[in-house]
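Observations on the model geometry
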Amino acid sequence: MPRDNKTPLIQKIAKQAYTTFRGLSANSDNEVVEDKLNGLISLVTAVRASDVKIAPRKNNSSSGAAELQSPPVTYMHICETEVFSMGVFLLRSGASIPLHDHPGMNGMLKVLYGKVNVRCFDKLEQNLAVTTVPPVFDPPVPPLQMTSVWRAVLRSVVEYSENSGPCLLTPVRDNLHQIDAVDGPAAFLDILAPPYNSDDGRDCHYYKVLQSALEDETDAKGHQEQQGEKGKEEEVWLLEIPQPEDFWCGGESYPGPAVSV
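Rules of the game
Residues numbered from 1 in each chain as written. Predicted model: local features only at pLDDT ≥ 70, side-chain atom pairs only at ≥ 80, totals over all residues. Heavy atoms only, no water. Helix = DSSP H or I, 4+ residues; strand = E, 2+ residues; numbered from the N terminus. Buried < 20%, exposed > 50% of the residue type's maximum accessible area, 1.4 Å probe, protein only. Contact = heavy atoms within 4.5 Å. Areas by Shrake-Rupley, 256 points an atom, 1.4 Å probe, with all protein chains shown as cover. Salt bridge = Lys/Arg side-chain N within 4 Å of Asp/Glu carboxyl O.

**Thoughts on the overall build of the protein**
Helices and strands together make up the secondary structure of the protein, namely 4 helices and 10 strands. Along the protein, helices and strands appear, N-terminal first, in the series α-α-α-β-β-β-β-β-β-β-β-α-β-β. Here the protein holds 261 residues, and 44% of them are scored as buried. Relative to all contacts within the protein whose residues are 6 or more apart in sequence, the contacts with residues 24 or more apart total 86%. Split by element, the accessible area of the protein, about 14,200 Å² in all, is 49% carbon and sulfur.

Here it is, written out as structure tokens:
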């Protein structure tokens, strides 16, 4: 069988993403999702910065006005259909993409250069039997904001590099995450299916982790130790917030091979 050596890897990924996610829905069974994802995971695992014609950025330690005014994160749009969107996020040294959700969406994140730390959470909206009364928070949450407080679970805290496999999310697992650049600039390929669309109820919401007033320094230390363990699950409370003022995302031209689906 002849090999397809002429088609760019990013084009193969786009075609496979379309095939993979076309038949999935928010109610798809987890096992079905995993089975369909295997081919796409294999392709995405192999992608590198050179496949999209980008190179690692230098760590700019300047604190001048230009640095302060430039966006902490930029996005290179590759392609978008009604089934999925794909692009590259580039994070400056020390930059973070705040904790946010992906309503009814599947997703895949693959580091192209640098390292990122990803904290994954899930809301527990359907699991109110354990406790229905939230603790007292420090600082206190105003009564009108209590309707925006959610019980959740911290699923994992994992560091990814270009040699790591992709980080996955589904509508019901690891759907909320925060992404932090580690030890310098970083970039990652991002695939979301279906794309964000506020008209279809897929708008991006931001959150912050609340701290109980009863949590003392010892508890906080134990909390940090737990976060460092992959797969360690811990119940937390999240407050839905507006987009943080210190976060915004700029745009950059995509320099890689043209993609069509």
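**Some details on the side chain of Ser164**
You can see Ser164 is positioned in the loop between β5 (149-161) and β6 (167-169). When neighbours within four sequence positions are excluded, Ser164 is seen to be in contact with Lys110 and Glu159.

**So, the pattern of salt bridges**
In a structure, side chains of opposite charge can pair up when their charged atoms sit close to one another. What the rule picks out here adds up to 6 salt bridges. A salt bridge links Lys115 to Asp183, with the shortest nitrogen-to-oxygen separation between them at 3.4 Å. Of this pair, Lys115 sits in strand β4 (residues 106-123) while Asp183 is found in strand β7 (residues 176-193), placing the two residues 68 residues apart along the sequence. Residue Lys115 is classed as partly exposed on the basis of its relative accessible area of 29%. Overall, the relative accessible area of 69% leaves Asp183 in the exposed class. Among the salt bridges present, the one from Glu235 reaches Arg151, with a minimum N-O distance of 3.1 Å. Taken together, the residues span a long stretch of sequence, with Glu235 in strand β9 (residues 234-241) and Arg151 in strand β5 at a distance of 84 residues. Residue classification places Glu235 among the partly exposed positions, given a relative accessible area of 44%.

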